[in-house]
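# Structural overview for review
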Amino acid sequence: MKTEMLAMILAGGQGTRLGKLTKNIAKPAVPFGGRYRIIDFTLSNCTNSGIKNVGVVTQYQPLELNHHIGNGASWGLGGIDSSMTILQPYSGADGEKWFEGTAHAIYQNISFIDQIDPEHVLILSGDHIYKMNYDKMLQAHIKNDAALTVAVIEVPMKDASRFGIMNTDEHDRIIEFDEKPAEPKSNLASMGIYIFNWQHLRTVLVDSYAKDGQMLDFGSHVIPAYLEAGENVMAYRFKGYWKDVGTIDSLWEASMEFIGLDNELNMRDDSWRIFSRNRIFPPHYVCAEATINHSLIVDGCYVAGMINNSILSSGVRVGVDSVIENSVIMPGAQIGKNVTIKNAIIGENAVVGDNVVVSDENEIKVIGYSEKIGVQENEEN
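Let's shift gears to the overall build of the protein. Assigned secondary structure in the protein consists of eight helices and 31 strands. What you see for the protein is a C-alpha radius of gyration of 22 Å, in line with the 21 Å of a compact globule of 381 residues. Just so you have it, the protein exposes about 17600 Å², and 45% of that area is on carbon and sulfur atoms. Side chains of the protein give 31 positive and 48 negative charges; the mean places of these two sets differ by 3 Å.

With that settled, the discussion passes to the nonpolar core. One finds Val54, Met132, Tyr134 and Ile193 to be the most contacted residues of the largest nonpolar core, which totals 64 residues. The greatest single-element share of this core, amounting to six residues, is contributed by helix α8 (residues 248-258). Met132 has contacts with Asn45, Ser49, Met137, Ala151, Met191, Ile193, Tyr236, Phe238 and Trp272, leaving out every residue within four places of it along the chain. Counting residues in each nonpolar core, the second largest holds 37 residues, with Leu6, Ala105, Val150 and Ile174 among its members.

Glancing now at the pattern of salt bridges. In the structure shown here, the tally under the stated rule is 12 salt bridges. Of the charged contacts in the structure, one is a salt bridge between Glu64 and Arg37, with a shortest N-O distance of 3.5 Å. You can see Glu64 sitting in helix α2 (residues 63-69) and its partner Arg37 sitting in strand β3 (residues 36-37), a full 27 residues away along the chain. Exposure remark for Arg37: the relative accessible area of 10% places this residue in the buried category. We note a salt bridge from Asp114 to Arg202, for which the minimum N-O separation is 2.8 Å. A residue pair is termed long-range when its members are at least 10 positions apart, and Asp114 in helix α4 (residues 110-116) and Arg202 in helix α6 (residues 198-211) qualify at 88 residues. In this structure Asp114 comes out as partly exposed when scored by relative accessible area, which is 30%. Here the residues in one salt-bridge network are Arg37, Glu64 and Glu348, joined through shared partners.

Here Ala235 shows up in strand β14 (residues 233-237). Sequence separation between Ala235 and Leu148 is 87 residues, and the spatial gap between their C-alpha atoms is 8.7 Å. Among residues more than four places away in sequence, those in contact with Ala235 are Val150, Val152, Thr168, Asp172 and Ile174.

With respect to burial, α8 is a largely interior element, eight of its 11 residues being buried. For α8, every residue scored as buried is listed here: Ile248, Ser250, Leu251, Trp252, Ala254, Ser255, Met256 and Phe258.

Attention now goes to the packing of α6 against helix α7 (residues 218-228). Viewed as axis vectors pointing N to C, α6 and α7 meet at an angle of 110 degrees, and their least axial separation amounts to 12 Å. Of the possible angle classes, the one that applies to α6 and α7 is roughly perpendicular. Residue-level inspection shows His200, Leu201, Val204 and Leu205 of α6 in contact with α7, the latter providing Phe218, Val222 and Tyr226.

So, about the sheet that holds strand β27 (residues 344-346). With parallel pairing, five strands are arranged side by side in an open sheet as β18-β21-β24-β27-β30. Each of the sheet's edge strands pairs with one partner strand only, and the pair in question is β18 (296-297) and β30 (365-367). As paired strands, strand β21 (residues 311-312) and strand β24 (residues 328-329) are joined by two bridges and run parallel to one another. Considered in β24, the bridge of Leu312 is made with Ile329. Sheet strands in contact with α8 are β18, β21, β24, β27 and β30, and its direction is about 90 degrees off that of β27.

If you walk across this open sheet you meet the six strands as β16-β19-β22-β25-β28-β31, and the pairing is parallel. Every interior strand has two partners, whereas the edge strands, β16 (285-286) and β31 (372-373), have only one. Relative to strand β25 (residues 334-335), strand β22 (residues 317-318) is paired through two bridges, and the arrangement is parallel. Among the inter-strand pairings, Val318 is bridged to a residue of β25, identified as Ile335.

Our next topic: unusual backbone geometry. Of note, Asn326 is a non-glycine position whose phi angle comes to about 50 degrees, a positive value. Structurally, the position occupied by Asn326 is in the loop between β23 (323-325) and β24. Although it is not a glycine, Ser370 sits at a positive phi angle of roughly 60 degrees. In this fold, Ser370 is placed in the loop between β30 and β31. A relative accessible area of 36% places Ser370 in the partly exposed class.

Let's shift gears to the environment of Asp244. Tracing the chain through its elements places Asp244 in strand β15 (residues 242-244). Given the relative accessible area of 28%, Asp244 is considered partly exposed. Considering only alpha carbons, one finds Asp244 and Gly126, 118 residues apart in sequence, at a separation of 10.0 Å. The contacts of Asp244, once residues within four sequence positions are left out, are Arg17, Asp127, His128 and Ser250.

Conventions used here
- Residues numbered from 1 in each chain as written.
- Predicted model: local features only at pLDDT ≥ 70, side-chain atom pairs only at ≥ 80, totals over all residues.
- Heavy atoms only, no water.
- Helix = DSSP H or I, 4+ residues; strand = E, 2+ residues; numbered from the N terminus.
- Rg over C-alpha atoms; globule rule 2.2 N^0.38 Å.
- Areas by Shrake-Rupley, 256 points an atom, 1.4 Å probe, with all protein chains shown as cover.
- Lys, Arg positive; Asp, Glu negative; His and termini not counted.
- Charge placed at Lys NZ, Arg CZ, Asp CG, Glu CD.
- Core = buried A, V, L, I, M, F, W, Y, C linked by side-chain atoms within 4.5 Å.
- Buried < 20%, exposed > 50% of the residue type's maximum accessible area, 1.4 Å probe, protein only.
- Contact = heavy atoms within 4.5 Å.
- Salt bridge = Lys/Arg side-chain N within 4 Å of Asp/Glu carboxyl O.
- Axes fitted to C-alpha atoms, helices over the stretch in contact; angles between N-to-C directions.
- Parallel < 35°, antiparallel > 145°, perpendicular 65-115°, else oblique.
- Pairing = 2+ DSSP bridges.

Without other data, these values stay purely geometric and don't point to any function.
Set out below in structure tokens:
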């Protein structure tokens, strides 16, 4: 029986713009919101949209990401009628199969997709924070008899030059694609979410690689090729919260929005839950001398300081007389006594020693994954 739609999540990017935070882990595995990792949002969207088969394409530093995903059971994708498959580069008779772009990653996994035999393939990124019903996008794709549907979101016109911009006619058919145009004609930004008719995309990729092998990227190569060939390429307008957390500033902004009173993600919505795979921690403990204001404190935390407008992720420890403001403390981080942290992101399992100040009025300060500052080498942690 043919599968209606297979989701392929591209999760192999290095995430260089996140600097220290992705030195040892892939960007989609970066913690977010206290108890989640970035990829949890895309995976949960698949589950909530009724998608039963998901392939996750990994490459850069995949160990933590692979462990987190496991067999997909945490997202209901490890059952008899569902599957989660991790797809990594491999060596074949003709050499190593490193992924050179988004479209190239799909081409290298044609045999896997053929085994699932989907009518449509949904291409997703594993590094965005949002909630989206992909089934509604699929129904629009089918209704429009489209060869390709691209999810778009309206961005402020002043920011449009930072995105791939889709120019459409009055029926939302895409007639032109501009990659980061200096003078954008519209504000419809591509979200990096695509639905293709699989057999047609398969033919395009196979023919291209038999000819010149230049069909490497969806944005730079595949979409322009579809438009040039006169294919029916449609825009699907998404209205809701969506954040590309590919930079330190955007990750910090999304985290502050996450704890905002008007948070559009609405994490308490039982009809669209965000699932994750989490370690079991004891309940958090707040000491009598601690002060907490407008903050998110997750399981396993020990708090003896002042926390204001911040996120303390699972297993975080904050010593007495320490002050944390407008900051994100990622899982397992240890904060000493009399520490000041403002406008910062403290990486997973980092250690900040006593009497340290982490603050800068001009930029978001970052302490990296397992980094130690203000701690002597022979000091007990």
